[in-house]
Structures are given as structure tokens and as C-alpha cells.
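# Summary of the model geometry
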Amino acid sequence: EIEAKYSKKMQVLRDELDLRRKTEIHEVEERKNSHISELMRNHEKAFSDIKNYYNDITLKNLALISLLKEQMEDMKKKENQLEKEKADVLLQNKQLKETLQQAQEQVFDLQKKLAHYDKDKEALANTKARLKVTQKELKDLQWEHEVLEQRFSKVQAERDELYQKFTKAIKEVQQKTGFKNLLLERKLKGLLSVLEKKEVELSEVFAASNLDAGALSLVSHKLEDVLNSKNTTIKDLQFQLARVCKAHNDMLQTFEAKLTAFGIPLDNLGFKPLASPLLGQ
């Protein structure tokens, strides 16, 4: 009875539990189906949102690609323009570099000039002072030059006058000296010729007279006295000739010295002075 009773209770409990289980399963299935439906709706909505999102992204990317292509073309144009500008800038840079180098050299020169500015300034002051002194000396020299020009004109006139007088005197002295020398030489030649004739005549007389030794000796002594007298006369004439020649040469040397002192070239005489040779030359 107890077993039957508890079996009955167990069966009732099983039925209740089975009913409860079925009810709970049905509730779980309903909740599951409801959740699945909700998930499907959510997934469909999310898929639609994702699809719309990616469609928008695709459209935006296509628009962006077009825009980027346009920008790329613009960038290429700008790049070409920039290349040209770069070449122009490089050329300008080269020119500016050369200009900068020249400017640097000018700056260096100006710095050197600036370094020497004080010295140049002091030198300029000294130069101005020397210039004043030099100008004063120049005025003095100009005045002296005018005085010397006047004196030179006067001396030149005196020189010309002396030159004319001296030339005239030289010609006269040359004529007189030459004439006197010619006379002396002719006289000397005449005496020598006479002496030779006398010697020949004397020899002929000695040969024709046949004098003794004493008379011959006496005649020889007399002849020697005559010859000595003639030789003395010849020596005196030669001495006079030498003295005249020396005076002539001294006068020529004095004349040349005067011409040199007055600054007159010897070639301006118009003739060549004839120097008389001394005796024995």
C-alpha cells in the first residue's frame, strides 16, 4: 500500500514535473523563437545598415578617387610648373651666388678699405698739408721759372751774339794762322832748298879747289858756323810755328768748352774746325 501510494505520488509528481518541464520547454522555445526573430531582425537591420554604410563608403571612395585623380592631374601640372620654377630658381640661385660672391669680395675690399680708412685719412691730411707746401713751392718755382726764362732769353741772345763773334773770330784766326803757317812752311822749305844747294856748291868748290888741310879746315869751320846759324834760324821758325799751332788748338778747345757750357752741340757750327798738327806729329 505504501509502495502503491508512493508509486501513485511519484507518478503524479512525474506528471506534474513532466508538465512543468514541457511548459518550461515551451516557454524556452517561445523565448528562443522570439529571440531568434529579434536577432534576425537585428541582423537584417545591421546588414542593411552595413550595406548602406559600405555603399556610402564606396560612393564616397569613387568620388574621392575621381577627386584624387583630378588632384593628381593638378599635382602633375603643379609638379611640371614647379620643375620649371625649380630650374628658374636654380638659375637665379646661380646668378645670385655669383652676385653674392662679388658682393662678398666687395665687402672684403670695403672692409680692407675701412681698416685703412684712418691711415688714409691721416695720409690725406698729410697730403693736403704737403699739397699746400707744394703749391707754394710751385708758385715760387713758377716765379723763378719766369725769371729764369727772362735770364735765359737774355743769355740766349748773348750766346747768339757771342757765337757770331766767336765764329767770325775763329774764321779770321784760322785764315791768319793758316796763312802764317803756309808762309812759315814755304820759308822753311826755301831755306832747306838753299841749304841743299849750298852744300852741293860747297862740295863742288872743295872738289875743284884742291885746298890743303888747314884751309879746308878753316873753310869747314866757317861753313859749320854758317850752318849752325841757319839751323838756329830753322829751329826758331819751327818753334814759332809750334807756338802758333798750339795757340790755334788751345783756342779751338776753349771754343768747344764755351759751346758745351752754353749747351750748343758742336754739330750746329756748320763746319768742322781744323786742328793744326804740332811739330813732329
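Residues numbered from 1 in each chain as written. Predicted model: local features only at pLDDT ≥ 70, side-chain atom pairs only at ≥ 80, totals over all residues. Heavy atoms only, no water.

Selection criterion: UniProt positions are given in the numbering used here, feature names are shortened, and annotations may be inferred rather than shown by experiment.
The name recorded for the protein chain in an unreviewed UniProt entry is Dynein regulatory complex subunit 4, from Nycticryphes semicollaris. The record in UniProt for the protein chain states the following under Sequence similarities (unreviewed entry): "Belongs to the DRC4 family."

## Re the overall build of the protein chain
Note the threshold: Where helices and strands are cited, they refer to DSSP runs of H or I of at least four residues and of E of at least two residues respectively, numbered from the N terminus. Residue exposure (1.4 Å probe, protein chains only): buried if accessible area is under 20% of the type maximum, exposed if over 50%, otherwise partly exposed. Any two residues whose heavy atoms approach within 4.5 Å at even a single point are treated as in contact.
Each helix and strand in the protein chain was counted, giving three helices and zero strands. Looking at the protein chain as a whole, 8% of its 281 residues qualify as buried. Residue pairs in contact within the protein chain that sit at least 24 positions apart in sequence constitute 78% of those at least 6 positions apart.

## What to know about the packing of aromatic side chains
To keep it simple, the criterion reads: To pair, rings of Phe, Tyr and Trp, with the six-membered ring standing in for Trp, must have centres within 6.5 Å; the planes then decide the type, stacked if under 30 degrees apart, edge-to-face if over 60, and tilted in the middle. Any Lys NZ or Arg CZ that is within 6 Å of a ring centre and within 35 degrees of that ring's normal is treated as a charge sitting over the ring.
Under the criterion given, the structure shown has one aromatic pair. Over the ring of Y6 we find K9; its NZ or CZ atom is 5.2 Å from the centre of that ring.

## With respect to the pattern of salt bridges
Where we set the bar: By definition, a salt bridge exists where a carboxyl oxygen of Asp or Glu is found within 4 Å of a side-chain nitrogen of Lys or Arg.
Under the criterion given, the structure shown has five salt bridges. For the salt bridge of K45 with D49, the shortest nitrogen-to-oxygen distance reads 3.3 Å. Taken as a pair, K45 and D49 lie in helix α1 (residues 2-115) at a separation of four residues, close to a single helical turn. When its relative accessible area of 54% is taken as the criterion, K45 is described as exposed. For D49, a relative accessible area of 39% puts it in the partly exposed group.

## Side note on the environment of G178
Relative to the helices and strands, G178 is located in helix α2 (residues 117-209). We classify G178 as partly exposed; its relative accessible area is 34%. Sequence separation between G178 and V244 is 66 residues; the distance between their C-alpha atoms is 9.7 Å.

## Overview of the confidence of the model for the protein chain
Heads up, the rule is: On a scale of 0 to 100, pLDDT captures the predictor's confidence in every residue.
Here the protein chain averages 80 in pLDDT, while 84% of its residues score no lower than 70. The element-level mean pLDDT for the protein chain is lowest in helix α3 (residues 213-261), coming to 75, with α1 highest at 89.

## Side note on a negative patch on the surface
Inclusion rule: To count toward a patch, a residue needs a relative accessible area over 30% and no salt bridge; like charges are then connected within 9 Å, while nonpolar side chains (Val, Leu, Ile, Met, Phe, Trp, Tyr) are connected within 5 Å. Every accessible area reported is derived by Shrake-Rupley at a probe size of 1.4 Å, with residue values counting cover from the shown protein chains alone. Two residue types count as positive, namely Lys and Arg, and two as negative, namely Asp and Glu; His and chain ends fall outside the count. We put the charge of a Lys on NZ, of an Arg on CZ, of an Asp on CG and of a Glu on CD.
Taken together, E24, E27, E29 and E30 make up a surface patch of like negative charges. On the accessibility criterion, E29 (40% relative accessible area) is partly exposed.

## Side note on a nonpolar patch on the surface
A cluster of nonpolar side chains, contributed by I50, Y53 and Y54, occupies part of the molecular surface with about 340 Å² of accessible area. As for its position among the elements, I50 is in helix α1.

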